[in-house]
Amino acid sequence: MSPGSRRPRSTARDIERYGALFAERTKVMKSSAMRDLMALTERDDVISLAGGLPDTSTFPPDSYASLMSAVAAGSCARALQYGPTEGLTAAKRCIAEVMSAEGMEADEDELLVTTGGQQVIDLACKTLLDPGDVVVCEAPTYPGAVPTFSTYQANVVQVTMDRDGMRTDELEGTLDELERTGHRPKFIYTVPNFHNPAGVTLSLERRHELVRIAAERELLVLEDNPYGLLRYEGCALPTLRSLDEDFTIYAGTFSKILSPGVRLGWTCAPAPVLAKMNLGKQASDLCSSSISQYFVSAYFESGPWEEYVGSLIEIYRRRRDVMLDALAEAFPREAEWTHPEGGLFIWATLPDYIDTTDLLARALEEHVAFVPGRAAYVDGRGGSEMRLNFSGVDEDEIREGIRRIGEVVREQIELYGTLTGVAPAGRRADPEPAGTRGDPEPAGRRGEPEPAGQPASEPEAPAADVANVLQLRRRRA
Ligand SMILES: Cc1ncc(COP(=O)(O)O)c(C=O)c1O
């Protein structure tokens, strides 16, 4: 090839040639749906309710500039240097403050500073999993954990959630069943607060149940808590770690209370586990960014960090309410959604003849995006579910985005009605047509999250072949 000429990209021959070099695990590696959708979130012409983005435009640019100047003036050489794998003492002090705000105590030597909470999931898998090992998690689970689990060739078992979070009765049954077949899960992964994507919170009773189950069976729990401090109503609940330190690997992050751009998180785990995770981190990236760690500690020194979190809570609470109102206004009666007490996400469930992956293609034609539910399952479930984010765009865009999604959902319901003769139930905001549904529940059921993963209403005709027809028509269109 002459210098400067460019090779055509990824020809079949190239794929074959490199394919022979790939490790076995690459066969099961998956792309994260959220990462794929990230490109869309950057397009100006798309209203993206797909990301999990905090609104970093709320952070005052002047403060950022003066904090970075303070780092440059006071710690330039050290900020530009490698740091210890476990993290800088100054950053660990900030972490201890955040943990204390969530009712936990942590000594410096119990902490490992990581490159976001995401790295904690990765390090937990790296440290604990051999190919085929079982991880138990919620159904749905954090979509960003799915590619990590698959990279480590985990055998993922998902336990249903309802409005009180993971069903601990089902968890016990699942663990019994696994034990009978000779499987001992390496850890239980859970997002107890304002679940991503389901938007529900693990109840106090179930928190006690979960730590009891873990302690009795000596199982580790990976408690992933990025959203605990973003509560818009109700009272804070104790973290699992504060109920039992012995079996908890706790994952925290600065991403949602300050900035995901600093890429700083942490873990706090039993000493032998932490030591192995430290070794895993050494192999991954030596240490997390010193610049970021100095930035965070300058920020914590500059004033009460809780104030900015307080301002985020005000903004996100309003956006959540706008989205809930917009859903009630624009979504059809056949749909249901959760009412999160905090965090960044609402989880909506449509009739099961609607496939949200296909629906996304249609929504993109209307310049709006969401995360299709399948991204949050490992077994193809979630086809009629969707994750909606309310933190990343402003109130007008939320209203408009939900209006557009509502339109395409209604379009599908009407098409289904045409094919089956089942009359659409109308919008939540419309008066309910008398005698059309035998549903004793009030329309909308806002404020009463339904069990995640349950269809809004059973289709009144066998849906399978009709769903196929719908899909065919969508593809042709
Ligand atoms: C449940 C959960 N865990 C982990 C992460 C990763 O966050 P980060 O790596 O930015 O801390 C996210 C991000 O959205 C999340 O929602």
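The rules behind the values
- Each residue is numbered by its place in its chain's sequence as written, counting from 1.
- Totals for whole chains, interfaces and linings use all residues, but because this is a predicted model, local features are given only for residues with pLDDT of at least 70 and pairs of side-chain atoms are given and counted only at 80 or more.
- Each helix is a run of DSSP H or I of at least 4 residues and each strand a run of E of at least 2, with the numbering of both proceeding from the N terminus.
- Remark: C-beta atoms are placed from the backbone, and a residue is labelled buried if 20 or more other C-beta atoms sit within 10 Å of its own, exposed if 12 or fewer do, or partly exposed between those counts.
- Throughout, a pair of residues is in contact if the C-beta atoms placed from their backbones lie within 7 Å.
- Throughout this description, the term nonpolar core refers to a group of buried Ala, Val, Leu, Ile, Met, Phe, Trp, Tyr and Cys residues whose C-beta atoms join them within 7 Å.
- Start and end points for every domain follow an automatic or database-based domain assignment.
- Helix span, as expected, comes to 1.5 Å for every residue beyond the first.
- What the arc measures is the spread of directions leading from the helix axis to the C-beta atoms.
- Any two strands between which DSSP finds at least two bridges are classified as paired.
- To define axes, lines are fitted to C-alpha atoms, for helices over the stretch in contact only, and angles between the resulting N-to-C directions are given on a 0 to 180 degree scale.

**Student:** Any chance you could break down the environment of Glu108 for me, citing the residues and the numbers?
**Tutor:** Residue position: Glu108 is located in the loop between helix 4 (89–101) and strand 2 (111–114). Accessibility expressed as a C-beta count within 10 Å gives 12 for Glu108, which makes it exposed. Between the alpha carbons of Glu108 and Lys92 there is a distance of 6.2 Å; along the sequence they are 16 residues apart. Once residues within four sequence positions are removed from consideration, Glu108 is found in contact with Thr89 and Lys92.

**Student:** Outline the nonpolar core, supporting the account with residue identities and numerical values.
**Tutor:** With 113 residues, the main nonpolar core has Ala124, Phe187, Val221, Val296, Met323, Phe370 and Leu388 as its most contacted residues. Per-element accounting of this core gives the leading share, 7 residues, to helix 12 (residues 306–330). Looking at this core, you find at least three residues from each of domain 1 (33–53 + 308–423 + 449–476) and domain 2 (61–301).

**Student:** Can you break down helix 10 (residues 271–285) residue by residue, with the values?
**Tutor:** In this model, helix 10 (15 residues) spans 21 Å end to end at C-alpha, consistent with the 21 Å of a helix rising 1.5 Å per residue. Taken together, the buried positions of helix 10 are occupied by Val273, Met277 and Lys281. Each buried residue of helix 10 sits inside an arc of 75° when the element is viewed along its axis, so together they form one side. Turned more than 90 degrees away from the buried face of helix 10 sit Ala271, Pro272, Gln282 and Ala283, all of them exposed. Its buried side turned inward, helix 10 meets strand 2, helix 5 (116–128), strand 8 (248–253) and strand 9 (265–268).

**Student:** Help me get a handle on the sheet that holds strand 7 (residues 220–224), residues and values and all.
**Tutor:** If you walk across this open sheet you meet the 8 strands as 2-9-8-7-6-3-4-5, and the pairing is mixed. Across the chains shown, the open sheet's two edge strands, defined by having one partner strand only, are strand 2 and strand 5 (165–166). Bridge count between strand 3 (residues 134–139) and strand 6 (residues 187–190): 3 bridges; the pairing is parallel. For Cys137, the partnering residue across the bridge sits in strand 6 and is Tyr189. Contacts from helix 4 reach strand 2, strand 8 and strand 9 within the one sheet, and its direction differs from that of strand 2 by about 105°.

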